[in-house]
Every structure is written in structure tokens, then in C-alpha cells.
Amino acid sequence: MDRFHAMRVLVRIADTGGFAEAARQLNLSPPAVTRAVAGLEDLIGARLLTRTTRLVKLTEVGQRYVEDCRQILAAMEEAEAAAAGSYARPTGVITITASVLFGQIYIVPIVTDFLDAHPEVTGRLLFLDRVTNLVDEGIDVAIRIGHLPDSSQTAIKVGSVRRVVCGAPGYFERHGVPDHPSDLTRHRIIAATSAWTSLDWRFGPDSRIVTHVTPALFCNSNEGAISAARSGWGLTRVLSYQIGPDLLSGALQTTLDDFEEAPLPIHIVHPEGRNASAKVRAFVDFAAARLRANRFVN
């Protein structure tokens, strides 16, 4: 018995609800379909289908076995495509996660362009300022900022960002430019509590310089803190990508650049490794090229 052939027959019966229609779609005779199912039932030692004159229904064992068959057949198709030196056509739903602001600014345009290039793929975006569990939450790809813990997941470095202190030119004209992190105690500080819960701001390549700040304004979002800094009200600390356009336009300027911590890496992470589906492989390649070419994340 060709076990993979029999699995395909069983899955088609489950999808169509009958032996005759499965036989027609697979271009097989009804007896051949019957023999395939009987062979699987003999091999497993359990009944997979219950049959009446009007109805074919999966048993409880059959339901579990059919789902396993779907995964096995899908994996086999992917393996065959990879072994042949080609990729299967990207199809299906791809779920991508990133932090909120990074996702809104940089990932949305990448995903929409990717979907334009691959119309058989549907995108699902999950932007959260927390670390998600890719497997438990059914996520295909994550864009992570920061140092990664050891894991079996595949990680591809695509850039890096800096943690910067910034303010508007008008603020610096009125209050002066700090020369050392300790000078921040004499400046009006805006804290974005969603990103930096600690009020001990660390500086230097080894993070050994510590300045305790006393914010005059707490914002629960980076956008709020950046907006207040852009207005000239005070100084805030964010990741450089979050203010890339503002730095380019001159709306904001960084300070204490000589005291910055080591840059934080950006990785594209996915859990499937070599067995990644065509949609994941295609998106990772597409997103990596776009992010590496982006001046604000490199």
C-alpha cells in the first residue's frame, strides 16, 4: 500500500463527504478508494470512517488522524519543492508581529507591498509592546529589537537601532544642551512609561553610567512622549527609529551622542527553520531586503 496515496484519499473523502465524489476528483475508481481506506484502517487497527447509505462520517480517531495527515502531506510537499531546488507558491495566511510603533511605521508598508506581490497570501498583523510566544500564539514571523535569548528559532539580523535622548531645537536654545548624562537632572524630562519603566537611564558602551531622572511628564505611549518633545516642552529618550523622520526634517535633535549605549540589533525571527513554508520564506527574504536598505534602522 502507498501510504501517502491512501492519506490523500482519506483527506479528500473527509473534504468531500463521500467516496464517490473523492473518487471522481482523484480520477480513481470507487473500489480503489475503498481499498485505500481499508488499507489504512488495517494498518492502524482502528475504524476511521462510519458509513451509512446516505452519510460518510469520520470517527473520533479518524478526525485526529486526518488532521495529522494534512500536516504530513503539507510537509512532504514542501520538502519535495525544496529538494527540487524551487519554492512552492506562497499561499495562505501569514501572521507577523512587531512592537507597536515599529510595526506601524516600518512593517505595514513592507507587508502591503508583499501582499501586492503575492495575491494568494493574506496578511495578519499583531503589534504588541511585549514579547510574544510564536508557537503558542500561532505567529509565523516576528521582528524583534534587542538581544535575543538562546533558542531553536531562526533569527536573521537586518539592522540595529540606538537608544537616544532627543529634544526640539527650540528647547535646546532656551535651556541649553547637556554635556554629560548627569546634566539631565537639570532638564525637563518626558518619560515614555510603556517602553522605559526604569527611571535609571544608563549610558556608555558598557551601560555603566547611570543617571536617575525625575520626569515632569509621564506618557503611556512613545508617540505621546515624542509629540511633547517635538513641541519643545522637554527631553525624552526613545529608540532612534522612532524619530527617524523627525531627525531628517530637523524637528528633533539628539544629544549626548558620545554617551550612547551599544546599539540594539534588529532580527527577523521565525520558528520553522529549514521547514519554513513558502509564504514565510518569501516574506523573510522580502522584509530583510527592505529593512537592510532602510537608513533609519541601520
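Up top is the structure.
Residues numbered from 1 in each chain as written. Predicted model: local features only at pLDDT ≥ 70, side-chain atom pairs only at ≥ 80, totals over all residues. Heavy atoms only, no water.

**Describing the overall build of the chain**
When its secondary structure is counted, the chain shows nine helices and 14 strands. Its C-alpha radius of gyration of 28 Å places the chain more than 25% over the 19 Å reference for a compact globule of 298 residues. Seen through its principal axes, the chain has C-alpha atoms that stretch 90 × 35 × 35 Å. Per-residue burial over the chain gives 42% buried out of 298 residues. For the chain, contacts bridging at least 24 residues in sequence account for 74% of all contacts bridging at least 6. Of the accessible surface of the chain, which amounts to about 15,800 Å², a share of 51% is contributed by carbon and sulfur atoms. (Helix = DSSP H or I, 4+ residues; strand = E, 2+ residues; numbered from the N terminus. Rg over C-alpha atoms; globule rule 2.2 N^0.38 Å. Buried < 20%, exposed > 50% of the residue type's maximum accessible area, 1.4 Å probe, protein only. Contact = heavy atoms within 4.5 Å. Areas by Shrake-Rupley, 256 points an atom, 1.4 Å probe, with all protein chains shown as cover.)

**Description of the state of the cysteines**
As enumerated under the stated definition, the model contains zero disulfides in all. Of the cysteine sulfurs around Cys166, a residue in no disulfide, the closest is that of Cys219, at 12 Å. (Disulfide = S-S within 2.5 Å.)

**Regarding the sheet that holds strand β4 (residues 121-127)**
Taken in spatial order, the five strands make up an open sheet running β4-β3-β5-β14-β6, and their pairing is mixed. At either margin of the open sheet sits one strand with a lone partner, and together these are β4 and β6 (154-161). Adjacent strand axes in the sheet meet at a mean angle of 20° when their direction is disregarded. Where strand β5 (residues 141-145) and strand β14 (residues 264-270) come together, four bridges link them in antiparallel fashion. (Pairing = 2+ DSSP bridges. Axes fitted to C-alpha atoms, helices over the stretch in contact; angles between N-to-C directions.)

**Overview of the pairing of β14**
Extensive coverage of β14 is indicated by the burial of seven of its seven residues. Burial of β14 is two-sided: the residues Leu264, Ile266, Ile268 and His270 facing one way and the residues Pro265, His267 and Val269 facing the other way are all buried. Pairing analysis gives seven bridges linking β6 to β14, with the strands arranged antiparallel. Looking at the pairing, Thr154 lines up with His270 of β14.

**Things to note about the pattern of salt bridges**
A complete count under the given rule lists 14 salt bridges for this structure. Two residues, Arg24 and Glu21, come together in a salt bridge whose shortest N-O distance is 2.5 Å. With Arg24 and Glu21 both in helix α2 (residues 19-26) and three residues apart, the pair spans about one turn of that helix. On the accessibility criterion, Arg24 (57% relative accessible area) is exposed. Judged by relative accessible area, Glu21 falls into the partly exposed class, the value being 29%. Across the pair Arg130 and Glu137 runs a salt bridge whose closest N-O atoms are separated by 3.2 Å. (Salt bridge = Lys/Arg side-chain N within 4 Å of Asp/Glu carboxyl O.)

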